[in-house]
Amino acid sequence: MNAKLKEIFKLPFKPYWALRKKLRTVYLPKKYWNDLHSSKDIDSLRRVGYKNRSEEENRAMYEKARQTFLGFCKECGVDFSASKVLEIGCGTGFYTDIIRSQGCRQYTGIDISRVTIKQLRKKYRGCKFKTLDAAQGKLREKFDVIVMIDVTQHIVGEKKFASAMKNIDQMLTTGGVFIVTSWLSEQIIQNRYYEVKRPLSCYKQAFPKYNFSKPEPFRDKYIFSIFKQS
Ligand SMILES: C[S@@+](CC[C@H](N)C(=O)[O-])C[C@H]1O[C@@H](n2cnc3c(N)ncnc32)[C@H](O)[C@@H]1O
C-alpha cells in the first residue's frame, strides 16, 4: 500500500473532511493521469505542460522545447529514420509528431494512462501504443532509441525509479541511446506530492559504466543522453 495511505489509515479517528483533504494529496499515478487526460480538451497542451498557464503560453514553451529536442538529438547523432524508437510517457503525442516528422517508421509509445493511449491510437494509425507503467513493466522488444521527456519526475519513490530505469536498460539495444529530461538537484527532493527532483547521480547509479552526455538546459529542466556502449 502507498506509504501515505498507510499513514492515513493509522490515524486514531478519521473525520470525513480530514480524510478527503489527506487523500487529495496521495499520488495514485494511474488515477492522477487518467483524470488529467480525461478532463481537458484532447489537443490541449495544458494536460501535460503548465496547468496554470494559458494554452498559448504552453504552445510557445513547447515550440521552444521542439527546437531544443531536435538540436540535442542531432548533436547525439540520432537518426530517427533508421531507428526503432520507444517513447515513454507520450502524453498528448507532441513528441510522437516530432519523431514521425523525422522519418521514423518504427515508433512505439507507452503511457500509464489508458485514456491518452486510446486517443493516440486513433490519431496515429501507423504507430504502436500500449498502456504501461514504466516502473512496473517492460515490453519484450528492444529499441535503438528510448525517449522520456518530462516523465521521470512523476515516478515518485526511489524503488519505483530504480525499477523504471532497470526496465529501460533491459529494453535498450547495445549501442542504443536513452534520451531523458530531468531536474538536476543537489539531492532528492519531493517537490510536490506528484513530483520528485533528483540529482544526476541517481541516473549514474542506475546506468553504471554507460556514457553520459553533458546535460543541456531544457525548459525548466535538463536534457541528457545515456549511451549503452557495445
Ligand atoms: C508531464 S506529462 C509529459 C508528456 C510528454 N512526454 C510531453 O512532454 O509532452 C507526463 C506523461 O507521462 C505519463 N506517465 C506518468 N507516469 C508514468 C509512468 N510511470 N509510466 C508511463 N507513463 C507515465 C503521464 O500519463 C503523462 O502523459
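What you see is a predicted model; the values in this text were computed from it and never measured. (Residues numbered from 1 in each chain as written. Predicted model: local features only at pLDDT ≥ 70, side-chain atom pairs only at ≥ 80, totals over all residues. Heavy atoms only, no water.)

A.B. asks: I keep staring at helix H5 (residues 94-101) and nothing clicks. Help me out?
C.D. replies: Side chains three or four residues apart in an α-helix point the same way, a direct result of the helix having 3.6 residues per turn. What H5 keeps buried is the set Phe94, Tyr95, Thr96, Ile98 and Ile99. Packed against the buried residues of H5 are helix H4 (55-75), strand E1 (84-88), strand E2 (106-111), strand E3 (128-131), strand E4 (143-148) and strand E9 (216-218). Just past H5, the residue Gly103 takes up positive phi, approximately 90°. (Buried < 20%, exposed > 50% of the residue type's maximum accessible area, 1.4 Å probe, protein only. Helix = DSSP H or I, 4+ residues; strand = E, 2+ residues; numbered from the N terminus. Contact = heavy atoms within 4.5 Å.)

A.B. asks: Help me out: how do you make sense of the pairing of E1 in this one?
C.D. replies: Within a regular beta strand, the side chains point alternately toward one face of the sheet and then the other, so they alternate between its two faces. Counted residue by residue, E1 has 4 buried out of 5 residues, so it is predominantly covered. By the bridge criterion, 5 bridges tie E1 to E2 in an arrangement that is parallel. By the bridge assignment for E2, Glu87 is matched with Gly109. Viewed along the sheet, the connection from E1 through H5 into E2 turns out right-handed. (Pairing = 2+ DSSP bridges. Right-handed = clockwise from strand over helix to strand, strands pointing away.)

A.B. asks: Please explain the packing of aromatic side chains as it appears in this structure.
C.D. replies: By convention here, two paired aromatic rings are described through the distance between centres and the angle between planes. All chains considered together, the criterion is met by 17 aromatic pairs. Seen in terms of ring centroids, Tyr27 and Tyr32 are 5.4 Å apart; in terms of plane orientation they differ by 75°. Their pairing is edge-to-face. In this structure, Tyr27 and Tyr32 share a single accessibility class: buried. Considering the side-chain rings of Phe94 and Tyr95, the 5.1 Å spacing of their centres and the 75° angle between planes classify their relative orientation as edge-to-face. Each member of the pair, Phe94 together with Tyr95, is buried. Here Lys84 stacks its cationic end above the ring of Phe143, 5.2 Å away from the centre of that ring. (Phe/Tyr/Trp six-rings, centres within 6.5 Å; stacked < 30°, edge-to-face > 60°. Lys NZ or Arg CZ within 6 Å of the ring centre and 35° of its normal.)

A.B. asks: Which parts of the structure should I look at to understand the UniProt feature "domain: Methyltransferase type" (unreviewed entry) in the protein chain?
C.D. replies: Following the UniProt record, one finds the feature "domain: Methyltransferase type" (unreviewed entry) at residues 86-178. Secondary structure content for residues 86-178 is 34% helix and 28% strand, while the C-alpha to C-alpha distance between its ends is 9 Å. (UniProt positions renumbered as here; feature names shortened; annotations may be inferred.)

A.B. asks: How should the pattern of salt bridges be read in this particular structure?
C.D. replies: Should their charged atoms come close, side chains of opposite charge can pair. Counting across every chain of the model gives 11 salt bridges. Where Asp35 meets Lys31, a salt bridge forms, and the shortest distance between an N and an O atom there is 2.6 Å. Linking Asp35 with Lys31, this pair stays in helix H3 (residues 29-39), spanning 4 residues, or about one helical turn. By relative accessible area, which is 39% here, Asp35 ends up partly exposed. Residues Arg198 and Glu158 are paired through a salt bridge, measuring 3.0 Å at the closest nitrogen-oxygen approach. Taken as a pair, Arg198 in the loop between strand E7 (195-197) and helix H8 (200-206) and Glu158 in helix H7 (residues 158-171) lie far apart in primary sequence, 40 residues in all. Connected through salt bridges with shared partners, the residues Asp150, Arg219, Asp220 and Lys221 form a single ionic network. (Salt bridge = Lys/Arg side-chain N within 4 Å of Asp/Glu carboxyl O.)

A.B. asks: Looking at this structure, how should I read the site of the ligand?
C.D. replies: Around the ligand, the structure places 17 residues, and the nearest of them are Tyr62, Gly89, Asp111, Asp133 and Ile149. Within the backbone of Ile112, a nitrogen or oxygen atom sits 3.1 Å from a nitrogen atom of the ligand. Ile149 places a main-chain nitrogen or oxygen 2.8 Å from a nitrogen atom of the ligand. Here the shell around the ligand is built from residues that sort into 9 nonpolar, 4 polar and 4 charged. (Near = heavy atom within 4 Å. Polar contact = N/O pair within 3.5 Å; in protein donor to acceptor, adjacent residues only side chain to side chain. Nonpolar A, V, L, I, M, F, W, Y, C, P; charged D, E, K, R; others polar.)

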